[in-house]
Amino acid sequence: MEKLAIEGGKPVRDNVLPYGHQWIDEADIQAVTAVLRSDWLTTGPKVGEFERAFADLVGAKEAVAVSSGTSALHTAMYAVGIGAGDSSRGITRDGNIPRDEVIVPPMTFASSANCIVFQGSTPIFTDVDPATLLIDPAQVEAKITPRTKAIIAVDYTGQPCDYDALRAIANRHGLILVADACHALGGAYKGRPVGSLADLNAFSFHPVKHIATGEGGMISTDNREWARRMRVFRNHGITTDHRQREQQGSWFYEMVDLGYNYRLTDLQCALGISQLRKLPEWVKRRQEIARCYDQAFAEIPAVEPLEVRKDVSHAYHIYMIRLNLAQLRVTRAKVFSALRAEGIGVNVHYIPVHLHPYYRERFGTHPGLCPVAETSYERLITLPIFPRMTDDDIEDVITAVRKVLEAYLR
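The paragraphs below set out a description of the structure included in this document.

Calculation rules
Counting from 1, residues in each chain are numbered in the order their sequence is written. Local features in this predicted model are restricted to residues whose pLDDT is 70 or higher, and side-chain atom pairs enter the listing and the counts only when it is 80 or higher, whereas totals over whole chains, interfaces and linings include all residues. Calculated side-chain values reflect all of the structure's heavy atoms, with hydrogen atoms and water omitted. We count a stretch as a helix when DSSP gives it H or I for four or more residues in a row; a strand needs E for two or more, and each element gets its number in order from the N terminus. All radius of gyration figures rest on C-alpha atoms, and the globule criterion is 2.2 Å times the number of residues raised to 0.38. For the exposure calls, accessible area comes from a 1.4 Å probe over protein chains only, and a residue counts as buried if that area is under 20% of its type's maximum, exposed if over 50%, partly exposed in between. Contact definition: two residues touch when any of their heavy atoms are within 4.5 Å. Computed by Shrake-Rupley with a 1.4 Å probe, the accessible areas treat only the displayed protein chains as cover when residues are assessed. The charged-residue count follows a simple rule in which Lys and Arg add positive charge and Asp and Glu add negative charge, with His and chain termini not counted at all. Every charge is mapped to an atom, namely NZ of Lys, CZ of Arg, CG of Asp or CD of Glu. Within this scheme, the nonpolar core is defined by two criteria: the residues are buried Ala, Val, Leu, Ile, Met, Phe, Trp, Tyr or Cys, and they are joined through side-chain atoms within 4.5 Å. Whether two aromatic rings pair depends on their centres lying within 6.5 Å, for rings of Phe, Tyr and Trp, where Trp uses its six-membered ring; planes under 30 degrees apart make the pair stacked, over 60 edge-to-face, and the rest tilted. Over a ring means this: the NZ of a Lys or the CZ of an Arg is within 6 Å of the ring centre and within 35 degrees of the ring normal. Two strands are said to pair when DSSP picks up at least two bridges between them. All axes here are fitted lines through C-alpha atoms, helices being fitted over the stretch that makes contact, and every angle between N-to-C directions spans 0 to 180 degrees. Basic side-chain nitrogens of Lys or Arg form a salt bridge, by our definition, when they fall within 4 Å of a carboxyl oxygen of Asp or Glu. A helix is expected to span 1.5 Å multiplied by its residue count minus one.

## A word on the overall build of the protein
So, point 1. Helix and strand counts for the protein come out as 14 helices and 13 strands.
So, point 2. Its C-alpha radius of gyration of 22 Å places the protein within 12% of the 22 Å reference for a compact globule of 410 residues.
So, point 3. With the C-alpha coordinates of the protein rotated into their principal frame, the extents come out at 70 × 60 × 40 Å.
So, point 4. Looking at the protein residue by residue over its 410 residues, the buried ones come to 55%.
So, point 5. The contacts of the protein with a sequence gap of at least 6 include a subset with a gap of at least 24, amounting to 72%.
So, point 6. In the form shown here, the protein has an accessible surface area of approximately 17,500 Å², with 51% of it arising from carbon and sulfur atoms.
So, point 7. One way to put it: in the protein the 46 positive side-chain charges average out to a point 2 Å from where the 49 negative ones average out.

## Some details on unusual backbone geometry
So, point 1. Between H349 and Y350 the backbone carries a cis peptide bond, its omega angle lying at 0°.
So, point 2. If you check the backbone angles, T43 has positive phi at about 50° while not being a glycine.
So, point 3. Topologically, T43 is positioned in the loop between α1 (26-36) and α2 (45-58).
So, point 4. On the accessibility criterion, T43 (10% relative accessible area) is buried.
So, point 5. Unusually for a residue other than glycine, T157 sits at a positive phi of about 70°.
So, point 6. In this fold, T157 is placed in the loop between β4 (148-154) and α6 (163-173).

## So, the nonpolar core
So, point 1. If you look at the biggest cluster of nonpolar residues, it comprises 89 residues, and the most contacted ones within it are F50, F54, I152, Y156, Y163 and L200.
So, point 2. Here the element with the most residues in this core is helix α3 (residues 69-79); it accounts for six residues.
So, point 3. Ignoring any residue separated from it by four or fewer positions in sequence, one finds Y163 in contact with A153, D155, L177, A179, Y189, L197 and A198.
So, point 4. Counting residues in each nonpolar core, the second largest holds 33 residues, with Y293, L323, F386 and V397 among its members.

## Some thoughts on the packing of aromatic side chains
So, point 1. By the definition in use, this model includes 20 aromatic pairs.
So, point 2. The rings of F50, F54, F203 and F205 are connected pair by pair, giving a single aromatic cluster.
So, point 3. Of note, R229 hangs over the ring of Y78, and the distance from its end group to the ring centre comes to 4.5 Å.
So, point 4. Positioned over the ring face of Y377 is R332, at 4.8 Å from the centre of the ring.

## As for the sheet that holds strand β1 (residues 62-66)
So, point 1. Taking strand neighbours across the sheet as the criterion, the seven strands line up as β1-β9-β8-β5-β4-β2-β3 in an open arrangement whose pairing is mixed. On the outer flanks of this sheet lie β1 and β3 (122-125), each paired with one strand and no other. Adjacent strand axes in the sheet meet at a mean angle of 25°, parallel and antiparallel pairs treated alike.
So, point 2. Two strands pair when backbone bridges link them, and strand β5 (residues 176-180) and strand β8 (residues 200-204) are joined in this way by three bridges, in the parallel orientation. Its bridge partner being in β8, V178 is matched across the sheet by L200.
So, point 3. Contacts from α3 reach β1, β2 (101-104), β4, β5, β8 and β9 (217-221), with the element oriented near 165° to β8.

## Let's talk about the pairing of strand β13 (residues 380-383)
So, point 1. Alternating residues of β13 divide into L380 and T382 and I381 and L383, and every residue in both groups is buried.
So, point 2. Both strand β12 (residues 319-323) and β13 contribute to a ladder of four bridges, which runs antiparallel. Looking across to β13, one finds that R322 is bridged to L380.

## Considerations on the pattern of salt bridges
So, point 1. All told, the structure shown has 23 salt bridges when counted by the stated rule.
So, point 2. With a shortest N-O distance of 2.9 Å, D396 and R13 are connected by a salt bridge. Taken as a pair, D396 in helix α14 (residues 391-408) and R13 in the segment before α1 lie far apart in primary sequence, 383 residues in all.
So, point 3. Note that D164 and K190 form a salt bridge whose closest N and O atoms lie 2.8 Å from each other. Here K190 lies in the loop between β6 (188-189) and β7 (192-193) and D164 lies in helix α6, a separation of 26 residues in the sequence.
So, point 4. You can call K190 partly exposed: its relative accessible area is 43%.

## Digging into the environment of V208
So, point 1. Relative to the helices and strands, V208 is located in the loop between β8 and β9.
So, point 2. Separated by 185 residues in sequence, V208 and W23 place their C-alpha atoms 9.2 Å apart.
So, point 3. V208 has contacts with Y19, G20, H21, R286 and H317, leaving out every residue within four places of it along the chain.

## A few points about the sheet that holds β7
So, point 1. Taken in spatial order, the three strands line up as β7-β6-β11 in an open sheet, and their pairing is antiparallel. With one partner strand each, in any of the chains shown, β7 and β11 (312-313) form the two edges of the open sheet.
So, point 2. Of the strand pairs in this sheet, β6 and β7 are connected by two bridges, and their pairing is antiparallel. For A188, the partnering residue across the bridge sits in β7 and is P193.

## Structural notes on the side chain of N324
So, point 1. Within the fold, N324 resides in the loop between β12 and α11 (332-341).
So, point 2. Once residues within four sequence positions are removed from consideration, N324 is found in contact with P301, A302, E304 and R379.

## Let's talk about α14
So, point 1. Relative to the 26 Å expected for 18 residues at 1.5 Å per residue, α14 spans 26 Å between its end C-alpha atoms, a close match to the ideal helical length.
So, point 2. Elements in contact with the buried residues of α14: α10 (279-297), β10 (303-305), β12, α11 and β13.

## Regarding the environment of A170
So, point 1. Considering the arrangement of structural elements, one finds A170 in helix α6.
So, point 2. On the accessibility criterion, A170 (0% relative accessible area) is buried.
So, point 3. Along the chain, A170 and I144 lie 26 residues apart, while their C-alpha atoms are 9.9 Å from each other.

Spelled out as structure tokens, the structure:
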């Protein structure tokens with residue numbers, strides 16, 4: 001454990017409580033071992049079963065399983081034709097075809113923007129609302145140009161974006177609306193489940209997310225043609241997979257486009273099916289933990305909570321506190337180290353994507369481009385939240401936050 005930052009006394013915990021963790025039970029293990037004893041380890045029947053169960057859960061007509069949340073976002077970009085540009089829109093002064101543009105917030109993991117670049121397009125970083133840190137619809141409208149093809153809305157921390165406002169903007173300008181819902185499985189907006197709110201909705205099944213398949217992802221949509229294109233794309237651009245050819249008694253296949261191996265195995269899908277059954281209770285537990293934190297931190301002047309809108313059901317992939325640094329004698333880095341020293345596995349989500357060296361060098365992004373995201377990032381700390389946390393774990397987090405912040409108050 002790191003050297004104690006708060007001198008004197010014993011740390012709150014002797015072992016580090018992680019900020020997120022999977023929950024695997026005997027039913028999950030049995031589901032996976034049953035596949036190991038079956039004829040199909042990949043491209044088998046569990047893939048379709050998982051897709052149907054997921055689509056039913058989120059209220060979509062189609063769901064397409066892929067190998068990660070990153071591949072889900074990339075596959076969504078491919079499905080709607082995001083690309084290097086269209087010569088019909090004119091030629092630049094240097095003779096190049098203008099790239100497609102996709103609007104995306106910077107307060108997210110790099111994949112939300114990388115998926116745009118994978119397709120040869122340009123991410124247009126658009127600032128966030130200071131209360132929620134979700135993409136600001138007013139800022140979105142201001143960034144639209146003739147080259148804009150899509151908007152990616154990121155359900156940051158698990159709170160759904162303002163989809164009515166974003167849908168109105170998308171419809172007004174003829175744009176595709178994509179939800180990066182990797183934080184928000186099990187959440188809802190105005191009574192409508194996350195996964196049914198955008199034209200395409202991307203999810204992640206990384207171990208710290210709401211359900212785990214080791215690695216894995218899914219895209220939900222009501223557009224069956226996009227679903228067909230995504231299934232081809234995840235399979236090298238080939239029109240049929242091995243099981244389909246086996247059922248047809250055929251060896252013949254055609255590669256019709258340049259795709260990737262983004263398939264999710266039957267082992268992972270079996271685990272996903274089993275985990276889905278527990279999702280409602282797990283989201284409920286995350287919400288219970290968040291309420292405990294809300295009540296405890298309301299009394300601490302150095303903490304400013306993120307606003308939760310009344311028309312959403314927050315899924316709480318992560319729980320964020322925003323430090324009021326004017327009331328503290330130290331930086332966020334010092335608070336972070338002190339909480340780690342107390343046995344609390346805090347994290348920071350995220351460095352704004354436009355500040356990463358790759359984007360600054362490739363696209364000329366710079367500090368000051370998204371001031372709300374940038375100033376918020378300097379104050380954020382992620383606290384542990386996952387369904388298997390005990391009441392004692394919750395109390396440890398609260399105790400450690402109080403201890404550290406009280407020690408550093410001005």
